[in-house]
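Overview (structure and organization)
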Amino acid sequence: MFQSFDEVNDPTLGRERVARLREWLTRNDLDGFIVPRSDEHQGEYVAARSERLKWLTGFSGSAGVAIVLVGRAVVFVDGRYTLQVRDQTDPQVFAYESLIDNPPPKWIKANLGKGARLGFDPWLHTIGDVKALREAAEKTGAELVPVDANPIDQLWADQPAAPLEPVEIHPIEYAGELAKDKLSRLAAAIAKEGATHTVLTDPSSLAWAFNIRGADVPHTPLALGFAVLAAEGPHLLFMDKRKLPMKTEAYLTQLADLRPPSALEAELVALAKSGARIALDPVLAADRLRTLVTENGGAVVTAPDPARIPRATKNGAEIAGARAAHRRDGAAVVKLLCWLDAQAPDTLDEIAVVTKLEEKRRITGDETQMPLRDVSFATIAGAGPNGAIMHYRVSSATNRPLRSGELFLLDSGGQYQDGTTDITRTVPIGQPTEEMRTRYTLVLKGMIEISMLRFPPGVRGSDLDAVARLALWKAGLDYAHGTGHGVGSYLSVHEGPQRLAKTGTEKLLEGMILSNEPGYYKPGSYGIRLENLILVTPAEALPDGDIAMHGFETLTLAPFDKRMLKTDLLNRDEVHWLDEYHARVMREIGPMVGGEVLAWLEKATAPLPHDDKG
Ligand code: ZN
Ligand code: ZN
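Now for a quick tour of the structure.

1. Concerning the coordination of the zinc ion (ligand 2)
Taken together, Asp422 (OD), His485 (NE2), Glu517 (OE) and Glu531 (OE) make up the protein donors of the zinc ion (ligand 2), found 2.1 to 2.2 Å from the metal. One can describe the site at the zinc ion (ligand 2) as irregular: its 4 donor atoms subtend angles covering 80 to 157° at the metal. Along the chain, the residues donating to the zinc ion (ligand 2) fall in the pattern D-x62-H-x31-E-x13-E. In this structure, the zinc ion (ligand 2) lies 3.0 Å away from the zinc ion (ligand 1), the two metals sharing Asp422 as a donor. Linking Asp422 in the loop between β19 (419-420) and β20 (423-429) with Glu517 in the loop between β24 (513-516) and β25 (519-522), this pair joins segments that are 95 residues apart in sequence.

Right, dumping it as structure tokens:
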């Protein structure tokens, strides 16, 4: 299994660890220290050695910060984690604050006194974060003090070593563009910003630019490392050679000069001393990189990571890979849904379904010689009220039976060498209520309306987010998350910069892959979410149209549960879309399944009753 359900957690350890951190503070003439969940690369997943927040506090969520002062300690989490943080940490030791309403800068302004010295590790905070923290500290007369060595690393006796998982070459048949060509494009982008170099700090950018994949963090095939790319001259790649099989090393040597990670600081200092102008992305780059440059005579050019838009706009090979990966993944999901349908209510629980789904993905991958490399995130399997918890993750403690009369929400994905998937379906266990069916249909309407859209070039994700909500809004309903996120190509399932959300300020460009996942959540009762991945494509020209339009091609292939539908709530276009989609699912997935699964799929994808089509 790529997923575990037993979180080993002992909240009582926090007291002793915080006490030891406080002794360290006293020895180092500091009044406090700030511990973020992030590592040096600011990604969603971190390696075991970088779980410093979890080690100190017990809290294992994917976002959070702790501030430990001599007399008190606080953990900041967002709305997803308000319950979890109280379960996992010792309330005698920690107070809790909202990462959104009272984030660390605001808290610092209200709680640090004049002359207080707050330590931080400049490798773990971005340039933007440190700017906000420093401004807040200065307002109260406090001081933000960078430390040379992280105290947690000194106190954590059995801290795991940095991961050394082997780095593989991502084949050109899936990458679609040679790394040397990508690197030339990036070099040109650096020059255009008026810089001589940039530091790639995001391992997704490194993976994309060099056509490599690794296994250093869970669920995303990243090889942790850094690169210093030059507008002119050789690039430098900082990666532990023990991670590089001979073939990979020989390949990378043709693209860049290989250096150990420990050499990054010295190389940057040398570049800065020679007057380099180094582009850094303020939302990704560690503040340490900025000071290394500016304190040694170099200049920092503020610019976004040059790889993010080229990485987001998938090329022909990546698109072909995505389509193939979605066919296999769809077949696995169809097998699971068929199996689920055949089980009697009250005989299964969430963990049993998660385990079975991973098995179906493995089997389908093996049969088609494209093995499942990992799940793309920990499966969200929410029965009944658990479905209403948006970022629910099943554990042995929360595992719930699938009970008759309840809904079951299943959000999952796979990592395959040719693509990354992410799909959500919601199914009834036994008989759903009228209200469940109405709300399901309203969510589906939003998802279909996004799928059918035509929009002019230049439109941003924020312009489209409301389209998915209109049917719900009309009924006085909504959902408290964005409609969609970007998705990588055998990379991160949550990949920027494109999003379908109020915060999605990036233009939607041809080749971008996004999720289309409206939902509805009734706390304490049930949750509904329906999710397909979609690809931005040129829309076919209309004879009477003035301008060329973009549209979406749906990549995900699995039926929607017709028992949940109230067909009279769908308009003609929506009924037509659903029938066409189901026909396509049958056409593409049918040949990949057989026997009882095929029979089930035929029924599940049959057209809606004609009378209801109006
Ligand atoms: Zn999902
Ligand atoms: Zn998603």
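2. A few points about the packing of aromatic side chains
Using the criterion set out here, one finds 9 aromatic pairs in the structure. Measuring from centroid to centroid gives 5.4 Å for Phe59 and Tyr81, while their planes differ by 80°, and the two rings are edge-to-face. Pair noted here: Phe59 is in the loop between α2 (52-57) and β2 (65-69) and Tyr81 is in the loop between β3 (73-77) and α3 (82-88), with a separation of 22 residues, a long-range link. Judged by its relative accessible area of 1%, Phe59 falls in the buried class.

3. A few points about the packing of helix α14 (residues 316-342) against helix α15 (residues 350-367)
Contact geometry of α14 with α15 gives a least axis separation of 9 Å together with a crossing angle of 140°. Taken together, the axes of α14 and α15 lie oblique to each other. When you trace α14 past α15, the crossing you get is right-handed. Between α14, through Arg328, Asp329, Ala331, Ala332, Val333, Lys335, Leu336, Trp339 and Leu340, and α15, the contact on the second element is made entirely by Ala352, Val353, Lys356, Leu357, Lys360, Arg361, Thr364 and Glu367. Residue classes in the contact of α14 with α15 are distributed as 9 nonpolar, 1 polar and 7 charged.

4. Describing the pattern of salt bridges
Enumeration according to the criterion identifies 41 salt bridges in this entry. Between Arg323 and Glu553 there is a salt bridge whose closest N-O contact spans 2.7 Å. In this pair, Arg323 sits in helix α14 while Glu553 sits in strand β28 (residues 550-554), placing the two residues 230 residues apart along the sequence. Judged by relative accessible area, Arg323 falls into the partly exposed class, the value being 34%. We note a salt bridge from Arg439 to Glu435, for which the minimum N-O separation is 3.8 Å. Taken together, the residues Arg439 and Glu435, both in helix α16 (residues 434-452) and 4 residues apart, mark about one turn of the helix. The partly exposed category is assigned to Glu435, whose relative accessible area is 29%. Through salt bridges that share partners, Asp202, Arg311, Lys314 and Glu495 make up one connected network.

5. Describing the nonpolar core
Ranked by size, the top nonpolar core spans 112 residues in total, and within it Phe210, Phe408 and Phe552 carry the most contacts. Setting aside its immediate chain neighbours within four residues, Phe552 contacts Ile450, Ser451, Leu453, Phe455, Leu464, Leu508, Leu514, Ile534, Leu535, Val536 and Thr537. The next biggest cluster of nonpolar side chains, apart from the first, holds 26 residues, and it includes Leu30, Val77, Tyr81 and Val145.

About the thresholds
Counting starts from 1 at the beginning of each chain's written sequence and moves along it residue by residue. Each chain takes a letter, starting from A, and each ligand takes a number, starting from 1, following the order in which they are written. Given that this is a predicted model, residues contribute local features only at a pLDDT of at least 70 and side-chain atom pairs are listed and counted only at 80 or more, while totals for whole chains, interfaces and linings are drawn from all residues. With hydrogens and water stripped out, all remaining heavy atoms of the structure feed into the side-chain values. Metal sites are built from N, O and S donor atoms within 2.8 Å, or 3.2 Å for Na, K and Ca, and they leave out water, so they may look incomplete. Square planar and octahedral sites, with four and six donors, are those where opposite donors lie more than 155 degrees apart and all other angles lie between 65 and 115, tetrahedral sites have four donors with every angle between 85 and 135 degrees, and the rest are irregular. Labels follow the DSSP assignment, with helices taken as runs of H or I lasting at least four residues and strands as runs of E lasting at least two, numbered in each case from the N terminus. To pair, rings of Phe, Tyr and Trp, with the six-membered ring standing in for Trp, must have centres within 6.5 Å; the planes then decide the type, stacked if under 30 degrees apart, edge-to-face if over 60, and tilted in the middle. For each residue, the accessible area found with a 1.4 Å probe, counting protein chains only, is set against the maximum for its type, and the residue is called buried under 20%, exposed over 50%, and partly exposed in between. A fitted line through C-alpha atoms serves as each axis, taken over the contacting stretch for helices, and the angle formed by two N-to-C directions is quoted from 0 to 180°. In this scheme, roughly parallel covers angles under 35 degrees and roughly antiparallel covers those over 145, while 65 to 115 is roughly perpendicular and the rest are oblique. Helix crossings are classified by the rotation of the near helix relative to the far one: an anticlockwise turn of less than a right angle makes the crossing left-handed, while a clockwise turn makes it right-handed. For this analysis, residues touch if any pair of their heavy atoms sits within 4.5 Å. Any residue outside Ala, Val, Leu, Ile, Met, Phe, Trp, Tyr, Cys, Pro, Asp, Glu, Lys and Arg is labelled polar, Gly included; the first ten of those are nonpolar and the last four are charged. Here a salt bridge means any side-chain nitrogen of Lys or Arg lying within 4 Å of a carboxyl oxygen belonging to Asp or Glu. By convention a nonpolar core is built from buried Ala, Val, Leu, Ile, Met, Phe, Trp, Tyr and Cys residues, the set being connected through side-chain atoms within 4.5 Å.

By themselves, these observations are geometric and do not establish any function.
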